[in-house]
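# Architecture at a glance
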Amino acid sequence: MELPFSESYKIKMVETIRRSSRSEREQWIKDAKYNLFNLRSDQVFIDLLTDSGTGAMSDKQWSAMMVGDESYAGASSYHTMKAAIKRIFGFDYFLPTHQGRAAENVLFSVLVKEGDVVPGNSHFDTTKGHIEFRCAKAIDCTIDEAFDTTNQHPFKGNIDPEKLEKILKQYPKEKIPFIILTLTNNTAGGQPVSMANVKEVSALAKKYGIPLLFDSARFAENAYFIKTREKGYEHKTIKQIVLEIYEHADFATMSSKKDAIVNMGGFIGFKSQEWFRQASTYNIMFEGYITYGGMSGRDMNALAQGLDEATEFDYLETRINQVAYLGNRLIEFGIPIQQPIGGHAVFIDAKKMLPHVPKEEYVAQTLGVELYLEAGIRGVEIGTLLADRDPNTRENRYPNLELLRLAIPRRTYTNNHMDVIAVATKNVFDRREFIKSGYRITWEAPIMRHFTVELEKM
Ligand SMILES: *Cc1c(COP(=O)(O)O)cnc(C)c1O
């Protein structure tokens with residue numbers, strides 16, 4: 001008999017989580033104005049709000065923290081991180097930052113000017129925010145297959161080279177500071193970009209003389225999908241694949257809260273000293289001196305160790321298999337999810353799951369509240385609340401898809417937890433005929449309303 005798959009680690013430290021009763025949850029979510037962000041974490045049993053900074057560090061990361069060097073300038077921890085970034089990505093220059101959006105803020109301060117356009121694959125929301133804040137425009141060139149949840153394309157994160165070239169032809173070179181490739185494409189559902197696409201985009205960037213930036217939060221998960229789905233890569237190691245990807249980068253921004261498996265941290269990697277020097281000034285202003293930039297020495301040590309662990313095949317196989325395990329259980333129950341299953345989360349198609357809730361009553365949010373009431377599970381709405389209102393008309397912008405994202409923290413929950421999530425979701429699905437109404441807004445902020453919005457039942 002073939003041995004079943006199991007995790008590539010064992011557990012050394014645990015944290016207690018507490019089940020609650022349905023009546024407790026009814027009160028808590030009402031007090032939270034039906035906004036899952038407003039819950040206290042001890043009111044949540046299984047927390048799938050995000051995979052960002054919520055993973056479990058390893059024994060080696062914790063021991064690296066104990067020997068962190070907290071010198072202001074030239075700390076050994078800085079040099080440890082520098083060596084790891086050179087080894088994993090091949091960058092000669094880097095700047096530490098306190099998280100991914102800080103890396104964007106520093107780098108874009110050098111590169112992005114008013115009136116610029118930045119083509120890419122479904123820019124992440126903070127990335128788009130930092131572009132638009134500078135009165136420039138983010139142009140999404142993701143392939144059309146990405147927007148159909150049932151399409152089984154293996155690399156739905158890809159850029160469409162025709163859409164990209166159209167932009168490169170349309171605007172003068174000076175108006176395009178860089179092309180951005182997000183690995184994996186978070187907004188499209190944790191969907192990977194193929195090596196062939198990396199090379200195609202890189203060739204177009206060279207042809208038009210435009211630099212290429214990799215938004216790298218889930219670069220290791222992306223490399224895993226290249227190894228397991230793309231011909232010619234099955235015998236390469238994850239570390240070899242990552243180096244091959246980053247041969248094509250001029251710079252990278254990184255949220256280390258994802259694939260460096262730390263709770264806080266980020267960095268910018270550069271090939272050229274000139275860009276590094278220009279960005280250093282902004283790093284000193286916004287983040288801190290160039291050898292710590294918003295991070296403690298101990299955190300830089302943990303990050304360096306995390307980069308090594310996240311690029312090991314066994315770790316990634318455990319990680320991606322757990323997400324797939326949950327996704328496949330949901331599929332078995334007939335629950336409509338985005339396919340193929342992505343790297344860090346499962347996305348439930350809320351309009352298909354709750355067909356009677358009108359779109360004006362926030363379908364994915366309604367599903368999120370139902371799943372919380374069912375079992376104390378917290379997901380996050382990727383729907384109309386997140387899409388927010390049109391800046392001019394102030395009317396809701398209804399997106400094509402209403403999704404509930406269940407993001408899986410790294411090395412944190414077991415497959416028994418995945419079973420609880422799957423069965424709880426099935427229970428909500430089984431009573432979908434009785435869920436006929438959603439919520440109305442009683443208070444909302446002028447922008448980014450989803451974090452703080454207050455709702456009441458219809
Ligand atoms: C999380 C994330 C960011 C922003 O990073 P933070 O560490 O949250 O500031 C940028 N891009 C992508 C693709 C991300 O997933």
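Residues numbered from 1 in each chain as written. Predicted model: local features only at pLDDT ≥ 70, side-chain atom pairs only at ≥ 80, totals over all residues. Heavy atoms only, no water.

### Overview of a nonpolar patch on the surface
Rules: By definition, no residue in a patch forms a salt bridge, and every one has over 30% relative accessible area; like charges are joined within 9 Å, nonpolar side chains (Val, Leu, Ile, Met, Phe, Trp, Tyr) within 5 Å. Using a 1.4 Å probe, accessible areas were evaluated by the Shrake-Rupley method; residue-level cover was limited to the displayed protein chains. Salt bridges are defined by distance alone: a side-chain nitrogen of Lys or Arg within 4 Å of a carboxyl oxygen of Asp or Glu. Here a strand is any run of E in DSSP of at least two residues, a helix any run of H or I of at least four, and the numbering for each starts at the N terminus.
On the surface, a nonpolar cluster with roughly 330 Å² of combined accessible area is contributed by Ile447, Met448 and Phe451. Looking at the element boundaries, Ile447 is found in the loop between strand S13 (439-443) and strand S14 (454-457).

### Focus: empty space enclosed by the protein
Any empty space left between the atoms is revealed when a probe the size of a water molecule rolls over them. To be explicit about the condition: Grid points spaced at 1 Å over the protein atoms alone were grouped into cavities, where a 1.4 Å probe fits but cannot get out, and pockets, open sets with protein on both sides within 12 Å along at least five of seven lines, with lining residues defined by an atom within 4 Å of a point. Grid points are joined across faces, edges and corners, and a volume is the space filled by probe spheres set on the points. Side-chain classes are defined by residue name, with Ala, Val, Leu, Ile, Met, Phe, Trp, Tyr, Cys and Pro counting as nonpolar, Asp, Glu, Lys and Arg as charged, and the others, Gly among them, as polar.
One pass over the structure, following the stated rule, counts one cavity of 30 Å³ or more. Around the largest cavity, the lining residues are Asn35, Leu36, Phe37, Gln365, Gly379, Val380, Glu381, Leu385, His450 and Val453. When the residues that make up the lining of the largest cavity are grouped by side-chain class, the tally is five nonpolar, four polar and one charged.

### Regarding the packing of helix H4 (residues 100-111) against helix H5 (residues 125-132)
Definition in use: As a rule, the C-alpha atoms of each element are fitted with a line to give its axis, helices using only the stretch in contact, and angles between N-to-C directions run from 0 to 180 degrees. Our angle categories are set so that under 35 degrees counts as roughly parallel, over 145 as roughly antiparallel, 65 to 115 as roughly perpendicular, and the remainder as oblique. By convention, the crossing between two helices is left-handed when the near helix turns anticlockwise from the far helix through less than a right angle, and right-handed when the turn is clockwise. Working rule for contacts: check all heavy atoms of both residues, and any pair within 4.5 Å makes them a contact.
Between H4 and H5, the least distance of the axes is 10 Å, while the angle of their chain directions is 25°. As judged from the angle between their axes, H4 and H5 are roughly parallel. You can see that H4 and H5 cross each other, and the crossing is right-handed. Mapping the contact onto sequence places Arg101, Glu104, Asn105 and Phe108 in H4 and Thr126, Thr127, His130 and Ile131 in H5. Split by residue class, the contact of H4 with H5 holds two nonpolar, four polar and two charged.

### Here we look at the side chain of Gln191
Applied cut-off: Exposure is judged per residue with a 1.4 Å probe applied to protein chains only, and the accessible area is read against the type maximum: over 50% gives exposed, under 20% gives buried, and values in between give partly exposed. We call two N or O atoms a polar contact when they sit within 3.5 Å, provided that within protein one can donate a hydrogen and the other can accept it, with sequence-adjacent residues counted only if both atoms are side-chain atoms.
For Gln191, the location among the structural elements is in the loop between strand S5 (179-182) and helix H7 (195-208). For Gln191, a relative accessible area of 1% puts it in the buried group. Within the structure, Gln191 has its side chain in polar contact with the backbone oxygen of Pro340 (distance 2.9 Å). Here Gln191 is in contact with Lys156, Gly157, Thr184, Asn185, Pro340, Ile341 and Gly342, once residues within four sequence places are set aside.

### Some words on the sheet that holds strand S11 (residues 380-382)
Our working definition: DSSP calls a pair of strands paired once it identifies at least 2 bridges connecting them.
One open sheet holds the three strands; their spatial order is S9-S12-S11, and the pairing between them is antiparallel. Two strands bound the open sheet, and with one partner strand each, they are strand S9 (345-349) and S11. In this sheet, neighbouring strand axes are inclined to one another by 30° on average, regardless of whether the strands run parallel or antiparallel. Sheet strands touched by helix H14 (residues 363-375): S9, S11 and strand S12 (403-407). Its angle to S12, the strand with the most contacts, is close to 45°.

### A word on the packing of aromatic side chains
The test is simple: By convention, a stacked pair of Phe, Tyr or Trp rings (six-membered ring in the case of Trp) has centres within 6.5 Å and planes under 30 degrees apart, an edge-to-face pair has planes over 60 apart, and any other such pair is tilted. Consider the ring centre and the ring normal. A charge sits over the ring if Lys NZ or Arg CZ is within 6 Å of that centre and within 35 degrees of that normal.
Here the structure, examined in full by the defined rule, presents 21 aromatic pairs. Note on Phe219 and Tyr246: the rings are 6.4 Å apart at their centroids and 85° apart in plane angle, and the pair reads as edge-to-face. Placement of Phe219 in helix H8 (residues 219-229) and of Tyr246 in helix H9 (residues 238-246) is noted, with a sequence separation of 27 residues between them. Centroid distance Phe270 to Phe276: 5.8 Å. Interplanar angle 75°. Geometry classified as edge-to-face. Grouping residues by exposure puts Phe270 and Phe276 together as buried. Aromatic rings pair up to connect Tyr78, Phe89, Phe91, Phe94, Phe214, Phe219, Tyr246 and Phe267 into one cluster. Over the face of the ring belonging to Phe313 we find Lys227, whose NZ or CZ atom lies 5.3 Å from the ring centre.

### Focus: unusual backbone geometry
For residues besides glycine, phi is generally negative; the peptide bonds are generally trans as well. Residue Thr184 is bonded to the preceding Leu183 through a cis peptide linkage, with omega at -20°. Following the sequence through the fold, Thr184 ends up in the loop between S5 and H7. For the peptide bond that leads from Gln339 to Pro340, omega is -10°, which places it in the cis range. When you line up the elements, Pro340 lands in the loop between helix H12 (313-332) and S9. Phi at Cys135 takes a positive value of approximately 60°, unusual for a residue other than glycine. Along the polypeptide, Cys135 turns up in the loop between H5 and strand S4 (137-140). With relative accessibility at 48%, the residue Cys135 sits in the partly exposed group. In the Ramachandran plot, Arg411 falls in the positive-phi region, its phi being about 55° despite a non-glycine side chain.

Keep in mind these values describe shape, not function.
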